[in-house]
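# Topology and contacts: notes
Okay, here's what each chain looks like letter by letter:
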Amino acid sequence: MVLRSGQAKKPLNIAWRIVWRMVINRLNELRKLAAALEPPAGRRIEWLQKAGAHAERFLESLPEYDVYSAAGDREEALSAFAISEEPGSFDDALQLLDKYVDGVGHNLGSSRFFAYIPSGGLYESAIADYLAAVSNRYAGVGAAAPGATRMEASMLRWLAEVIGYPASAEGDLTSGGSMAALSAIVTAREAFGLRSADIPSSVVYLTAQTHHTFRKALHVAGLAECVIRKVSLDDAFRMDGTALRAQLQNDRQAGLKPWLIAASAGTTDTGAVDPLDEIADIADEFAVWLHVDAAYGGAFALCDEGRQRLKGIDRSDSLILDPHKGFFLPCGIGVVLVREGQKLYDAYHARGTYMQDVAGDTERSPCDYSAELTRPFRALRFWLPFKVHGSRAFSAALEEKLLLASYFHEECGKIPGIQPGPPPDLSIVTFRLCPDAQDGDAATRALLAAIHKDGRVYLTSTTIEGRFTIRMAILTYHTHIEDVDLALQVIEECATRMLGANNTRG
Ligand SMILES: *Cc1c(COP(=O)(O)O)cnc(C)c1O
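Quick notes on the rules
- Residues numbered from 1 in each chain as written.
- Predicted model: local features only at pLDDT ≥ 70, side-chain atom pairs only at ≥ 80, totals over all residues.
- Heavy atoms only, no water.
- Helix = DSSP H or I, 4+ residues; strand = E, 2+ residues; numbered from the N terminus.
- Buried < 20%, exposed > 50% of the residue type's maximum accessible area, 1.4 Å probe, protein only.
- Domains from an automatic or database assignment.
- Contact = heavy atoms within 4.5 Å.
- Buried area = accessible area lost by both parts, 1.4 Å probe.
- Pairing = 2+ DSSP bridges.
- Axes fitted to C-alpha atoms, helices over the stretch in contact; angles between N-to-C directions.
- Near = heavy atom within 4 Å.
- Polar contact = N/O pair within 3.5 Å; in protein donor to acceptor, adjacent residues only side chain to side chain.
- Areas by Shrake-Rupley, 256 points an atom, 1.4 Å probe, with all protein chains shown as cover.
- Nonpolar A, V, L, I, M, F, W, Y, C, P; charged D, E, K, R; others polar.
- Core = buried A, V, L, I, M, F, W, Y, C linked by side-chain atoms within 4.5 Å.
- Parallel < 35°, antiparallel > 145°, perpendicular 65-115°, else oblique.
- Phe/Tyr/Trp six-rings, centres within 6.5 Å; stacked < 30°, edge-to-face > 60°.

### Details of the environment of alanine 246
With respect to the helices and strands, the residue alanine 246 is situated in helix 9 (residues 241-253). The exposure class assigned to alanine 246 is partly exposed, which follows from its relative accessible area of 36%. Between the C-alpha atoms of alanine 246 and valine 231, which are 15 residues apart in sequence, the distance is 9.8 Å.

What follows is the structure in structure tokens.
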């Protein structure tokens, strides 16, 4: 619709009439310039088809992409991404995506990606993200988006049941594990009424294997000056319960206030699960908050075998779990669960006066359980794959990963020169190459370099108790035995070559 100056209320004088005409002209001009933001249905369908074709090409070529590809020139990419005032074509934009994004860096979607913690990238979640953004529900406030927020509540309730938490549990869908840990820490702080004066005498218990983002979250929450105790580890890099109890006793006798135990259900280095049941006994005995970092390992609670290995996780006060790891979702979703949900609410409930219209609303609002107000509709990307496939497909895939890890541990131990770490608690196996015991670090580092040079599979390393260690992390939904066999083959070929070279030199 184009406004004509005569349509407005009869202006009183000529000067006003002139100004008014100018305003109308400018409005029409601006509207024309911004019209591109309102594409007609035909254009939307055309773009969706093009985006779909692009996605298909990407998915089809995924197996051929290198597991890791170095990026080209940085300045070239930055200028290709640069925004101008003038419109560009949709096809050109997709081409830039293809050239500068899709094939560059870690190929998380590869079945031969065994580095860090693999992330799946289920296609159903991608469609869900699209639909969530199209419907653009305001998923922070229940009254604004009862459907979206009920779906979130339903997923949280389901997950709490999988973990074994009571019906009083509450939770939040975050952007990832780091933010979920921050949320749990703030909840524990508020539940214990810690104020700044209490910080120097409040004690946190963790291990050398606790994920670094937990320390970071303590720092962000203003709690870095708590007393931090690194509890010693057993042979399989799990928190030593006896040492924990002794430390708590000492601290209490010294007049300190034991506050928080951070246990791990699946460490990133080795996949070790701390003895959660024993730690829960100790937490009860000393009345401290038990937090479990199950960002990587929590998903395994979905299969029987995994549930046994996570025994005691249901006795924690809070936990975090990353669906973008063990539930194979694309990056961008973590969960915090708090056993006594009221404590999460107490830590986060807040209202602005401008929200008074929904003040009496009884619908559950995610913003009451989160540091966020406006937030994306994260539940849909979590719900759609489970709704479409059922949970059994997921539990089967997870049990498969546990079996594949045991298989890999067994088989890599047969490769001459390879020394595997402890049997896996979950789906990560560590190993070292020790041609001669003196320089195991250099040999292992050289082996990893050879594996990277080979490029058929991608593994990364860590340093455990000062020793350079290679990790094999098995977690994408489409990693199967042939991928693990390929990794074994590559490792064997590289190790044999190295040992052979060593022998000729010796
Ligand atoms: C990945 C991970 C985190 C951090 O989660 P993000 O989603 O990367 O923020 C924390 N703890 C463990 C054990 C993890 O594996």
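### Things to note about the domain arrangement of the protein
For the protein, the domain assignment lists domain 1 (128-389) and domain 2 (392-499). Here the C-alpha centroids of domain 1 and domain 2 sit 30 Å apart. Listed per partner, the contact involves 31 residues of domain 1 and 23 residues of domain 2. Across the interface of domain 1 and domain 2, roughly 2300 Å² is buried in total on both sides, 70% from carbon and sulfur atoms.

### Digging into the sheet that holds strand 9 (residues 334-338)
With mixed pairing, the seven strands of this open sheet are ordered in space as 3-9-8-7-6-4-5. Of all strands in the sheet, those bounded by a partner on one side alone are strand 3 (170-174) and strand 5 (227-231). Within the sheet, the average angular offset between the axes of one strand and its neighbour, ignoring direction, is 20 degrees. Each of strand 3, strand 7 (289-293) and strand 9 is contacted by helix 12 (residues 341-348), which is oriented at about 55 degrees to strand 3, the strand it contacts most.

### Regarding the site of the ligand
Gly177, Ser178, Asp293, Asp322 and Lys325 are the nearest of the 14 residues found near the ligand. In the environment of the ligand, an oxygen atom lies 3.0 Å from a nitrogen or oxygen atom belonging to the side chain of threonine 268. Isolated, the ligand exposes 380 Å² of accessible area, and the fraction of that covered by the protein chains is 85%. Across the shell around the ligand, the residue classes break down as three nonpolar, eight polar and three charged.

### Things to note about unusual backbone geometry
One non-glycine residue, phenylalanine 237, lies in the positive phi region at around 65 degrees. Mapped onto the elements, phenylalanine 237 comes out in the loop between strand 5 and helix 9. Even without being glycine, alanine 287 reaches a positive phi, approximately 50 degrees. Its place among the elements puts alanine 287 in the loop between helix 10 (276-286) and strand 7.

### Remarks on the pairing of strand 11 (residues 428-433)
The buried count for strand 11 comes to six of six residues, which makes it a mostly enclosed element. Pairing analysis gives four bridges linking strand 11 to strand 13 (residues 467-473), with the strands arranged antiparallel. When the sheet's bridge partners are listed, threonine 430 is paired in strand 13 with arginine 471.

### Quick notes on the nonpolar core
Core analysis: the biggest nonpolar cluster contains 68 residues, and Leu244, Ile261, Val292, Ile313, Phe327, Leu337 and Phe382 have the highest contact counts within it. For this core, the leading source of residues is helix 6 (residues 146-163), giving eight residues. Both of domain 1 (128-389) and domain 2 (392-499) provide at least three residues apiece to this core. Those residues in contact with valine 292 that sit more than four places away from it in its chain are Ala263, Ala265, Leu276, Ile313, Ser316, Ser318, Leu319 and Ile320.

### Things to note about the packing of helix 7 (residues 177-191) against helix 12
The interhelical angle for the contact between helix 7 and helix 12, taken along N-to-C directions, is 90 degrees, at an axis separation of 9 Å. As the angle between them shows, helix 7 and helix 12 are arranged roughly perpendicular. Only Lys343, Leu344, Ala347 and Tyr348 of helix 12 make contact with helix 7, whose side of the interface consists of Leu182, Ser183, Val186, Thr187, Glu190 and Ala191.

### Some remarks on the side chain of aspartate 368
Mapping aspartate 368 onto the fold places it in the loop between helix 12 and helix 13 (379-389). The exposure class of aspartate 368 is buried, given its relative accessible area of 6%. A polar side-chain atom of aspartate 368 sits 2.9 Å from a polar atom in the side chain of arginine 351. Ignoring any residue separated from it by four or fewer positions in sequence, one finds aspartate 368 in contact with Leu344, Tyr345, Tyr348, His349, Ala350 and Arg351.

### Some thoughts on the sheet that holds strand 13
Strand order in this open sheet of four strands is 10-11-13-12, and the pairing throughout is antiparallel. The sheet terminates laterally at strand 10 (418-420) and strand 12 (460-464), the two strands that pair on one side only. Strand-to-strand twist of the sheet, defined as the mean angle between neighbouring strand axes without regard to direction, takes the value 40 degrees. Sheet strands touched by helix 14 (residues 391-412): strand 10, strand 11 and strand 13. Its angle to strand 11, the strand with the most contacts, is close to 15 degrees. Strands strand 10, strand 11, strand 12 and strand 13 of the sheet are contacted by helix 15 (residues 440-454), whose axis makes an angle of about 115 degrees with strand 11.

### Thoughts on the packing of aromatic side chains
The tally for this structure, following the rule as stated, stands at 17 aromatic pairs. Measuring from ring centre to ring centre gives 6.1 Å for phenylalanine 328 and phenylalanine 394, while their planes differ by 15 degrees; the resulting arrangement is stacked. Of this pair, phenylalanine 328 sits in the loop between strand 8 (318-321) and strand 9 while phenylalanine 394 sits in helix 14, and the two are 66 residues apart along the sequence. Residue phenylalanine 328 shares its accessibility class with phenylalanine 394, and that shared class is buried. Plain terms: the ring middles of phenylalanine 408 and phenylalanine 431 are 5.9 Å apart, the flat faces sit at 50 degrees to each other, and that makes the pair tilted. Here phenylalanine 408 is found in helix 14, whereas its partner phenylalanine 431 is found in strand 11, with 23 residues between them in sequence.

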